[in-house]
Amino acid sequence: MAVEMNTVSRERIPVTLLTGFLGAGKTTLLNHILSANHGHKIAVIVNEFGEVGVDNKLVVGADEEIFEMNNGCICCTVRGDLIRILGELRDARIGKNGRKVDFDRVLIETTGLADPAPVIQTFYVDQEVDDAYSLDAVVTVVDAKHAEQHLDDGHEAQEQVAFADVLLLNKIDLASEDEVKSLENRLRSMNPYARIYRTEKSNIETEKILGINAFDISKKLEIDPGFLEEEDHEHDNSVTSIVLREEKPLDLRKVEKWLFGWLTTHGADVFRYKGFLYINNVKQRVLIQGVHMLFESAGDRPWKDGEEKISELVLIGRNLDSSWFQKGFEECVAH
Ligand SMILES: Nc1nc2c(ncn2[C@@H]2O[C@H](COP(=O)(O)OP(=O)(O)OP(=O)(O)O)[C@@H](O)[C@H]2O)c(=O)[nH]1
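Residues numbered from 1 in each chain as written. Predicted model: local features only at pLDDT ≥ 70, side-chain atom pairs only at ≥ 80, totals over all residues. Heavy atoms only, no water.

As recorded in an unreviewed UniProt entry, the protein goes by GTP-binding protein and comes from Alicyclobacillus fastidiosus. Taken from UniProt, the Catalytic activity (unreviewed entry) comment for the protein reads in full: "GTP + H2O = GDP + phosphate + H(+)". (UniProt positions renumbered as here; feature names shortened; annotations may be inferred.)

Rendered as structure tokens:
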């Protein structure tokens, strides 16, 4: 009996923590994992900075259970939420409380602004979480085009690299071989342990990131000996988010002209923006998103019958003037 109990308690649910700076390619990786044929049943927890759950809408794979935590950063205000969701999932796995969720691993996508250390701590410091879950690996997606800049001025970006078990050097199509090599050297000097893979569109064999048993707390403690005790962590408070909403149909050309005009002068201030637009005389939602000055808009699925048609755009960056954005967005209404 004792042996059996030990076996049960040691069978903890593996968790992959997916981090990476804003726009690096985390959702792209998540979609890639969820569409791949690997046989794992994955419960996904996504954390969004800003009020609108755009990420949830961007994630494909309707079969997976997706739990979303909005309105805060996973490493601060919603850490309690994370513990609660992990507890609920653990119970649902065995059909407790009348709900059954069938999964064999958990994947957590953190917001690009999260410092991973407090999230990792949760798996060691919270006893109930520790009993039920084991951290399999911290996978950090790095944007080959913008990482140097993010690493120069961001504490979170540095921590994300420092705590990674696997680094995906993504978007290599946007950087030269020399740039990629020099970034690789920089990453290697920051984190000598992580396995580094170069990727385009976060395309990687799932065996290289799931079930790899790569997380080793002793290595993390070598990097930062006090990290399990750290109560506080720093945030770059100059980074904020704005949510724009408009119920009237918009004119896509006006939106593009307005946004593009602003981006050409302020592209460095905006890390990430994304949303769906309700465009005049267009049956589909239009997905609009970008990272700094790289911007794309594309037709998404058609609006469903009875679905509220509304445009929602989230911007994350520095020095964002909310009233200026609200006014500009309103002026994009189609006439
Ligand atoms: N050119 C290029 N674009 C990429 C690549 N990978 C992802 N993208 C694009 O980069 C943008 C951001 O990708 P996401 O996967 O949404 O990034 P993210 O890290 O989830 O972003 P946040 O959730 O905002 O932090 C999207 O427009 C992707 O299509 C790549 O390898 N090359």
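Lay out the packing of aromatic side chains in plain terms, naming residues and giving numbers.
Going through the model one piece at a time under the given rule, you end up with seven aromatic pairs. Taken together, a centroid distance of 5.9 Å and an interplanar angle of 25 degrees make the contact between W258 and W324 stacked. In this pair, W258 sits in helix α11 (residues 252–266) while W324 sits in helix α12 (residues 322–330), placing the two residues 66 residues apart along the sequence. Ring geometry for W262 versus W324: centroids 6.4 Å apart, planes at 35 degrees, classification tilted. A residue pair is termed long-range when its members are at least 10 positions apart, and W262 in helix α11 and W324 in helix α12 qualify at 62 residues. The class of W324 is partly exposed, set by a relative accessible area of 36%. Put simply, the rings of W258, W262, W324, F325 and F329 touch in pairs and so form one group of aromatic residues. Above the ring of F103, the side-chain terminus of R93 is found at 5.5 Å from the ring centroid. Stacked on the ring of F276, the Lys or Arg R285 has its end atom at 3.8 Å from the ring centre. (Phe/Tyr/Trp six-rings, centres within 6.5 Å; stacked < 30°, edge-to-face > 60°. Helix = DSSP H or I, 4+ residues; strand = E, 2+ residues; numbered from the N terminus. Buried < 20%, exposed > 50% of the residue type's maximum accessible area, 1.4 Å probe, protein only. Lys NZ or Arg CZ within 6 Å of the ring centre and 35° of its normal.)

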